[in-house]
Amino acid sequence: MLKHGIKDYDELVTRSVDDIEWFWDAVMKDLGIEWYRPYKKVMDTSKGIEWTRWFVDGKINIVHNCLDRHINTSKAKGIACIWEGDNGEVRKVTYQRLFKEVNRLTNALRDIGIKKGDTVGIYMPMTPEIVSAMYAILKIGAICIPIFSGFAGSAVSSRLKNAGAKLLFTADGSLRRNKTIEIKKEADIAVKDVPSIKHVIVLKRLNIDVPWKEKRDIWYHEFIKGKGEKSPTEQTESEDYSLLLYTSGTTGRPKGSVHTHGGCMAQICKELAYYFDVKPEDKFFWLTDIGWMMGPWMIIGVHSFGGAILIFEGAPDYPAPDRLWDMIERHKVTIFGISPTAIRMLMRSGEEWVHRHDMTSLRILGSTGEPWDDESYMWFFENIGRRKLPIINISGGTEIVGCFLSPLPITPLKPCTLRGPGLGMDVDVFDEDGNAVRGIMGHLVCKKPAPSMTRGFWNDRKRYIETYWSRWKDIW
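Structural notes, computed from the coordinates. (Residues numbered from 1 in each chain as written. Predicted model: local features only at pLDDT ≥ 70, side-chain atom pairs only at ≥ 80, totals over all residues. Heavy atoms only, no water.)

1. What about the packing of helix α9 (residues 261-275) against helix α10 (residues 294-304)?
A packed helix pair is summarised by two numbers, namely the angle formed by the two axes and the spacing between the axes.
So, point 1. Packing of α9 against α10 leaves a shortest axis separation of 9 Å and a crossing angle of 70°. Of the possible angle classes, the one that applies to α9 and α10 is roughly perpendicular. Across from Met-265, Ile-268, Cys-269, Glu-271 and Leu-272 in α9, the residues of α10 making contact are Trp-297, Ile-300, Gly-301, Val-302 and Ser-304. (Axes fitted to C-alpha atoms, helices over the stretch in contact; angles between N-to-C directions. Helix = DSSP H or I, 4+ residues; strand = E, 2+ residues; numbered from the N terminus. Parallel < 35°, antiparallel > 145°, perpendicular 65-115°, else oblique. Contact = heavy atoms within 4.5 Å.)

Pasting the structure below:
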């Protein structure tokens, strides 16, 4: 705002949606996003607004911005990822160590025949290896398919089959409430009907006996054994695909939303920088799984600014109702995000579990996933936020790997609300006839494109148009 002579929040929002080309170009420059080759044009709508191309002719890679560029700086020795297991085990991974593991994994993937444009699935518990796997896939220009670790094999299978995945990362098992979750068994069910999968890479999380198929199955530690710690990052086009995120639930035909390197960097970094004020010294903890949009969103956004993420295995109320508050205190988390449902569950245990812990490290709270109710919102604000921390309540979707609606830390907040349009998001509410309305229920629409809007559905362009662009012309 200072840089562009913008006096207040309302003017900022107005200018960001009135001139989206100016805005997204200004974002890229302000946030220091690095390009291998600068883009010649911010956007191109010549094929229709539904198929807008962004940062035309630019070359970029998510991994360069989130990992590679930190290695020759002081951030290299800083913590990239803190992990805590269901059994209390803790691991901390520096950027330098993550960089080396990603490179070893990248070399292993290349050696086994994975190349740019191939699709690769991740069906694993929340461990540091999911971060390494995601970055290794993106580093070679392949497309990452993160899948919720709690899905049954059939739900995993439908996604992998739709994507034509070549390889799957999984684990022998996981822990939840001190009980073994046999992930490898579900992974075997999943890949049985996916002939495109040639290899299954298995992390030894629990060191338990698992079913095994020779030649197809490879232990993760053996897969990267002896691989070099240097590996070039593919210089992908801005519009090259990076993430394939499935939006349907456990039933029904899966919808694969397709995201690009340029689009992800623009939207995710904008949100983590401006909505959550992420800095290199921050420790960011969002209660999520790699299979939900918020998983990749957190990893990419925080790492692009050199901060640390906290991920954990298990349940938020095990071994005691203060599991989360204890982790926030011990790891000195600064930014914490959660869903209203999780808060409603934790509220039932009472405030005393919260007040046992010093959580003064927190400076910003976040939420998403569903509507708040007054009671749970105020409980979160009063007990976790000490009546002084902003709750950045965001709403968007997997299809845009980001938010349509969000406040900023500088804006007044009204309990339970989303405040208004996100920056650069030209949203409105329409009635059935396509007229803008206020004070009554209507359809949330976006009148201009954004860089992170899905580039269709995977192998189903017609369904994409029907889902998002068919009610009113040129309106999402």
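From this point on, the discussion continues.
2. Things to note about the side chain of Thr-233
So, point 1. Note on placement: Thr-233 falls in the loop between α8 (220-223) and β12 (241-246).
So, point 2. Overall, Thr-233 belongs to the buried group, its relative accessible area being 15%.
So, point 3. Polar contacts involving the side chain of Thr-233 include one to the side chain of Lys-139, which spans 2.6 Å.
So, point 4. In contact with Thr-233, other than residues within four places in its own chain, are Tyr-36, Asn-61, His-64, Asp-68 and Lys-139. (Buried < 20%, exposed > 50% of the residue type's maximum accessible area, 1.4 Å probe, protein only. Polar contact = N/O pair within 3.5 Å; in protein donor to acceptor, adjacent residues only side chain to side chain.)

3. Looking at the pairing of β12
So, point 1. With five of its six residues buried, β12 lies for the most part within the structure.
So, point 2. As paired strands, β12 and strand β13 (residues 256-260) are joined by five bridges and run antiparallel to one another. Counted as the bridge partner of Leu-244 is Val-258 from β13. (Pairing = 2+ DSSP bridges.)

4. Let's talk about the state of the cysteines
So, point 1. Applying the stated rule across the entire model yields zero disulfides.
So, point 2. Here Cys-264 stays free of any disulfide, with the sulfur of Cys-269 as its closest cysteine sulfur at 9.3 Å.
So, point 3. Note on Cys-416: no disulfide assigned, nearest cysteine sulfur contributed by Cys-403 at a separation of 18 Å. (Disulfide = S-S within 2.5 Å.)

5. Side note on α10
So, point 1. Extensive coverage of α10 is indicated by the burial of 11 of its 11 residues.
So, point 2. Buried within α10 are the following residues: Met-294, Gly-295, Pro-296, Trp-297, Met-298, Ile-299, Ile-300, Gly-301, Val-302, His-303 and Ser-304.
So, point 3. Positive backbone phi, approximately 80°, marks Gly-306, located one or two places after α10.

6. Some points on the layout of surface pockets
So, point 1. In this structure, the second largest pocket occupies an estimated 550 Å³ of space.
So, point 2. Lining the second largest pocket are 24 residues, and of these Met-1, Asp-30, Leu-31, Tyr-274 and Leu-423 lie nearest its centre.
So, point 3. Those elements giving two or more residues to the lining of the second largest pocket turn out to be α2 (20-30) and α9.
So, point 4. It is α2 that contributes the most residues to the lining of the second largest pocket, five residues altogether.
So, point 5. Residue composition of the lining of the second largest pocket, by class: 18 nonpolar, one polar and five charged. (1 Å grid on protein atoms, 1.4 Å probe; cavity = no way out; pocket = protein on both sides within 12 Å on 5 of 7 lines; lining within 4 Å. Points joined across faces, edges and corners; volume = space filled by probe spheres on them. Nonpolar A, V, L, I, M, F, W, Y, C, P; charged D, E, K, R; others polar.)

7. Some details on the packing of aromatic side chains
So, point 1. Using the criterion set out here, one finds 34 aromatic pairs in the structure.
So, point 2. Through a chain of ring-to-ring contacts, three or more aromatic side chains come together here, namely Phe-285, Phe-312, Trp-325, Phe-336, Trp-372, Tyr-377, Trp-379 and Phe-380.
So, point 3. The positively charged end of Arg-461 is found above the aromatic ring belonging to Trp-51, 4.0 Å away from the centroid.
So, point 4. The side chain of Arg-471 reaches across the aromatic face of Trp-472, ending 5.4 Å from its centre. (Phe/Tyr/Trp six-rings, centres within 6.5 Å; stacked < 30°, edge-to-face > 60°. Lys NZ or Arg CZ within 6 Å of the ring centre and 35° of its normal.)

8. Thoughts on unusual backbone geometry
Residues apart from glycine generally show negative phi values, whereas peptide bonds are mostly found in trans.
So, point 1. For the bond from Tyr-318 to Pro-319, the omega torsion is 10°, close enough to zero to count as cis.
So, point 2. The residue Pro-319 is located in the loop between β15 (308-312) and α11 (323-331) in this model.
So, point 3. Even without glycine at this site, Phe-55 takes up a positive phi of about 50°.
So, point 4. Looking at the secondary structure, you find Phe-55 in strand β2 (residues 53-56).
So, point 5. Taking relative accessible area as the criterion, Phe-55 reaches 0% and is therefore assigned buried.
So, point 6. Its identity is not glycine, yet Arg-387 carries a phi of approximately 60°, on the positive side.
So, point 7. Secondary-structure assignment places Arg-387 in the loop between α14 (374-384) and β18 (391-393).
So, point 8. What makes Arg-387 exposed here is its relative accessible area of 53%.

9. A look at helix α6 (residues 153-163)
So, point 1. Considered for burial, the residues of α6 that qualify are Gly-153, Ala-155, Val-156, Ser-157, Arg-159, Leu-160 and Ala-163.
So, point 2. On its buried side, α6 packs onto β5 (119-122), β6 (143-146), β7 (167-171), α7 (183-192) and β12.
So, point 3. One or two residues past the end of α6 sits Gly-164, with phi positive at roughly 65°.

10. A word on the sheet that holds strand β4 (residues 90-94)
So, point 1. If you walk across this open sheet you meet the seven strands as β4-β3-β15-β14-β16-β17-β18, and the pairing is mixed. Here the strands that pair on one side only, and so sit at the sheet edges, are β4 and β18. Pairs of neighbouring strands in the sheet enclose a mean axial angle of 20°, with direction left out of account.
So, point 2. Across two bridges, the pairing between strand β14 (residues 283-286) and β15 is parallel. Bridge pairing links Lys-283 to Ala-308 in β15.

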